[in-house]
Amino acid sequence: MMIKLYEKNNDPRRLDRIVAVLNDGGVVIYPTGTTYALGCHALKERAVERICRIRNIDPVRHPLSVICYDMSAVSEYARISTAVYKMMRRNLPGPFTFVLPGLSRLPRIFRNRRGAEVGIRMPDSTIVRELLERLGAPLMTASLPENEDGSEYQTDPELVEETFGRLVDLVIDGGPGRPGMTTIVDCTGEIPEIVRQGDGELI
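Here the residue index of a chain counts from 1 through its sequence in written order. Only residues with pLDDT of 70 or above have their local features reported here, since the model is predicted, and side-chain atom pairs are shown and tallied only from 80 upward, although totals for entire chains, interfaces and linings are computed over all residues. Each side-chain value is derived from all of the structure's non-hydrogen atoms; neither hydrogens nor water enter the calculation.

Examining the packing of aromatic side chains
- Centres within 6.5 Å are what make two rings of Phe, Tyr or Trp a pair, Trp counting through its six-membered ring; a difference in plane orientation under 30 degrees is then read as stacked, over 60 as edge-to-face, and the rest as tilted. As enumerated under the stated definition, the model contains 1 aromatic pair in all.
- The ring of Tyr-69 carries Arg-129 above its face, with NZ or CZ at 4.3 Å from the centroid. Note on criteria: charge over ring means Lys NZ or Arg CZ within 6 Å of the ring centre, with the direction from the centre no more than 35 degrees off the ring normal.

Okay, here's the thing in structure tokens:
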């Protein structure tokens, strides 16, 4: 199933249908503002496990990421120092993943790694923000499986649905995306460290 959303003036009934799928533990594909990605209600552990299976992610070896509505929500799920909080406020929303120590409000699967780190994202997308506000919880997020035929399978909603739709409960068509990659900033040590330079330039 595919539901079309726009940057503004969305039909509340469409948003409610998507939120219902997420609340029921469903997995969706949604537009991040760049590529499309897998998403689920981050507090529904079975849905998180399902995404891990789809992406062949081992949560013991690979930190999981969530998308939060605002910095207040971030502080509910991750431990943040004052300096890191200020840095995140300067750079979010934007194309960044900040790796932080996770808190116990997240399901156990997020704490399978020894350091219990969690990636925190806040993409610059009004569609994502509208969904998060309505859901009242973070989204667990993961990139789509790589496809040898190129990036169009991660940015064209019709091809996304054709290629990956059978793996999920719902595809959200937010229009054409574009290739992009977040900058990953490890904030678990004393000094934040860029471990992957993507589209985001820290300020």
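Overview of the layout of surface pockets
- The pocket and cavity definitions rest on a 1 Å grid over protein atoms only: a 1.4 Å probe that fits but cannot leave marks a cavity, an open set with protein on both sides within 12 Å along at least five of seven lines marks a pocket, and residues lining either have an atom within 4 Å of a point. Grid points are joined across faces, edges and corners, and a volume is the space filled by probe spheres set on the points. Taken as a whole, the largest pocket spans an internal volume of roughly 940 Å³.
- Contributing to the lining of the largest pocket are 38 residues, with Thr-97, Arg-121, Ser-143, Thr-182 and Arg-196 lying nearest its centre.
- Helix and strand labels come from DSSP, where a helix needs a run of H or I of at least four residues and a strand needs a run of E of at least two; each type is numbered from the N terminus. Those elements giving two or more residues to the lining of the largest pocket turn out to be β3 (36–41), β4 (64–67), β5 (94–101), β6 (117–122), β7 (139–143), β9 (183–186) and β10 (193–196).
- Split into classes, the residues belonging to the lining of the largest pocket amount to 14 nonpolar, 15 polar and 9 charged.
- Along its surface, the second largest pocket is lined by Arg-79, Ile-80, Ser-81, Ala-83, Val-84, Met-87, Leu-100, Pro-101, Cys-187, Gly-189, Glu-190 and Pro-192.
- Contributing elements (two or more residues each) for the lining of the second largest pocket: α4 (82–91) and β5.
- When residues of the lining of the second largest pocket are assigned to their parent elements, the largest contribution, 3 residues, is made by α4. When residues are grouped by polarity, Ala, Val, Leu, Ile, Met, Phe, Trp, Tyr, Cys and Pro land in nonpolar, Asp, Glu, Lys and Arg in charged, and all others, Gly among them, in polar.

Here's the deal with the environment of Thr-97
- Here Thr-97 shows up in strand β5.
- Between the C-alpha atom of Thr-97 and that of Gly-39, which follows or precedes it by 58 residues, the distance is 15 Å.

Some points on the nonpolar core
- In plain words, nonpolar cores are sets of buried Ala, Val, Leu, Ile, Met, Phe, Trp, Tyr and Cys residues tied together by side-chain atoms within 4.5 Å. Think of it in three bands: residues with accessible area under 20% of the maximum for their type are buried, residues over 50% are exposed, and the middle band is partly exposed, with areas taken using a 1.4 Å probe on protein chains only. Membership of the largest hydrophobic core comes to 43 residues, with the highest contact counts inside it found for Ile-29, Met-88, Phe-110, Ile-120 and Met-140.
- Contact partners of Met-140, with chain neighbours within four places excluded, come to Leu-38, Gly-39, Cys-40, His-41, Ala-42, Val-48, Ile-51, Leu-64, Ser-65, Val-66 and Phe-110.
- Within the second largest apolar cluster, 20 residues are counted, among which are Val-21, Ile-67, Leu-131 and Leu-139. Residues are treated as being in contact if the distance between any of their heavy atoms lies within 4.5 Å.

Quick notes on the confidence of the model for the chain
- Confidence along the chain averages 94 in pLDDT terms, with 98% of residues attaining 70 or more.
- The pLDDT value expresses, per residue, how confident the predictor is, ranging between 0 and 100. When pLDDT is averaged over each element of the chain, strand β8 (residues 170–173) comes out on top at 98 and helix α6 (residues 152–155) at the bottom at 82.

Things to note about helix α1 (residues 12–23)
- How far a helix is expected to stretch is found by multiplying one less than its residue total by 1.5 Å. In this model α1 runs 16 Å from its N-terminal to its C-terminal C-alpha over 12 residues, within 8% of the 16 Å that 1.5 Å per residue would give.
- Taken together, the buried positions of α1 are Leu-15, Ile-18, Val-19, Val-21 and Leu-22. For α1, the angular spread of the buried residues around the axis is 155 degrees, confining them to a single face.
- Looking at the packing, one finds that the buried side of α1 touches β1 (2–4), β2 (27–31), β3, α5 (126–135), β7 and β8.
- Whenever two N or O atoms come within 3.5 Å, that pair is a polar contact, provided that in protein one can donate a hydrogen and the other can accept it, and provided that, for residues adjacent in sequence, both atoms are side-chain atoms. Measuring from the side-chain oxygen of the N-cap residue of α1 to the backbone nitrogen of Arg-13 gives 2.9 Å; that N-cap residue is Asp-11.
- Just downstream of α1, Gly-25 is the residue with a positive phi angle, here 85 degrees. Here the arc refers to the directions that run from the helix axis out to each C-beta atom.

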